[in-house]
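# Descriptive structure summary
Residue strings, one per chain:
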Amino acid sequence: MANRVVYLNGKFVAESEARVSIFDSALMFGDMAFEMTRTYRQELFRLDEHIDRLYDSLRLLEIDCGLTIEQMKQQSLETLERNLPTESDEFDWQIMHNVSRGPLGVYSPAFPQGIAPTVSINCWPLVSHVGGMAEKILHGVQVAIVAQHAIPNHLLDPRAKTRSRMHYQMAIMQGARMGNVFGVMLDPDGYLAEGPGWNIFLVRDGALLTPEPRNILIGVSRGAIIDIARSLDIEVHECNLGRLEALQADEIFCTSTPFGAVHASHFEGQQVGDGSAGPVYRRLIEAWQEMVGVDFAAEAQSYAAQLPGWLEKESQASAALT
Ligand SMILES: Cc1ncc(COP(=O)(O)O)c(C=O)c1O
């Protein structure tokens, strides 16, 4: 809404006035790294891991954003702090870091003040992202392999979280065409890699199985699930998993920052278990919910109920600015 503010290149500006040049390398090449962190009860979850991953992405992309990790954390906390009062205390938030190489050198005459990386941190209440997922969080998602393959690490290191995401977009479009399916991509060897914004887990005979961290983005939520599983003495194996392993699985679920985790009711049209959230998934989610003090299904339902009113309020605020 009109009152949200964005950290942009060292200053806080109104969200409606936060502008990035059309000559920015982000627009030209998708040449940038980003992060998406969320709050639970308005506290940032695993911020250190997200910022560390951002700096690993920047290292891989050879971008020096001009802020130390400590300064980036400070600015992140301040951005959240400044935005919290713009919504009711009930809402949790996403906080997004976007760092590009900055305007391309060939356009330097348009930037007499000099060329530097573009750094922004913005906040958005999770009501739309999580509210829009409520049905899926309650009843599960349909997962299926899509035609689009994951980009293997010898072509582009997938541990860098970048905006070069056309292959993810294709996987989303293909999944949508298959009937609102969460499309999982295979790696070049035919093993499950990841979805276009989430990591995948299988459960077999009580053990947790997930693709090796080779051709995937190493999700912070994936790390949270692995840590929780180990604390509950659930065996975890990072290994090669094919279509057969998915068809054999007792449970399948996907993890990602905005929604945490969602179980698969079906894989390639075949019911997984009895289609509902399985016992291992439920143990993991209960422990996660206890750790952060949020009931994921209740949050999603509450946001879904508030979504129409919130969208109306946002549209009016935006219209008033134009
Ligand atoms: C390609 C990809 N894989 C996995 C994930 C999940 O990562 P995280 O749990 O850190 O949100 C994301 C998140 O955006 C992603 O883009």
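Residues numbered from 1 in each chain as written. Predicted model: local features only at pLDDT ≥ 70, side-chain atom pairs only at ≥ 80, totals over all residues. Heavy atoms only, no water.

Here the protein chain is described as being made up of domain 1 (5-125) and domain 2 (134-298). Computed over C-alpha atoms, the centres of domain 1 and domain 2 are 27 Å apart. When domain 1 packs against domain 2, close to 1900 Å² is buried across both sides, 62% of that on carbon and sulfur atoms. For the domain 1 face of the interface with domain 2, the top three residues by lost area are Phe-34, Tyr-40 and Arg-53, together amounting to 34%. (Domains from an automatic or database assignment. Buried area = accessible area lost by both parts, 1.4 Å probe.)

As a further point, take the packing of aromatic side chains. Considering all chains together, one arrives at 13 aromatic pairs under this definition. Note on Tyr-40 and Phe-45: the rings are 5.3 Å apart at their centroids and 85 degrees apart in plane angle, and the pair reads as edge-to-face. Exposure remark for Tyr-40: the relative accessible area of 4% places this residue in the buried category. Ring centres 5.0 Å apart and planes at 10 degrees place the aromatic pair Phe-201 and Phe-253 in the stacked group. Note that Phe-201 is positioned in strand S10 (residues 199-204) and Phe-253 in strand S13 (residues 251-256), a separation of 52 residues in sequence. By the burial criterion, Phe-201 is buried, and Phe-253 matches it. Put simply, the rings of Tyr-40, Phe-45, Trp-288 and Phe-296 touch in pairs and so form one group of aromatic residues. The cationic tip of Arg-163 hangs over the ring face of Phe-34; the distance from NZ or CZ to the ring centre is 3.5 Å. (Phe/Tyr/Trp six-rings, centres within 6.5 Å; stacked < 30°, edge-to-face > 60°. Buried < 20%, exposed > 50% of the residue type's maximum accessible area, 1.4 Å probe, protein only. Helix = DSSP H or I, 4+ residues; strand = E, 2+ residues; numbered from the N terminus. Lys NZ or Arg CZ within 6 Å of the ring centre and 35° of its normal.)

The next thing to look at is the sheet that holds strand S5 (residues 93-100). One key point about sheets: their strands pair by backbone hydrogen bonds, in either a parallel or an antiparallel sense. Pairing is antiparallel across the open sheet formed by six strands, whose spatial order is S2-S1-S6-S5-S3-S4. The open sheet terminates on both sides in strands that have one partner only, identified here as strand S2 (11-14) and strand S4 (43-44). Across two bridges, strand S3 (residues 32-40) lies against S4 in antiparallel orientation. Residue pairing across strands places Thr-39 opposite Leu-44, the latter belonging to S4. (Pairing = 2+ DSSP bridges.)

Between its first and last C-alpha atoms helix H6 (residues 166-177) spans 16 Å; for 12 residues at 1.5 Å apiece the expected length is 16 Å, and the two agree. Every buried residue belonging to H6 is among His-167, Tyr-168, Ala-171, Gln-174 and Gly-175, and all of these are buried. The arc that holds the buried residues of H6, viewed along the axis, is 125 degrees, so those residues lie on one side. Among the exposed residues of H6, those pointing more than 90 degrees away from its buried face are Met-166 and Arg-177. (Expected span 1.5 Å × (residues − 1). Arc of directions from axis to C-beta.)

Moving on: the pairing of S3. Of all nine residues making up S3, nine are buried, and the element is well covered by its neighbours. Here S3 pairs with S5 via seven bridges, running antiparallel. Looking at S5, one finds that Met-32 is bridged to Ser-100. Counted along the chain from S3 to the antiparallel partner S4, the turn is two residues long, and its residue Arg-41 has a positive phi close to 50 degrees.

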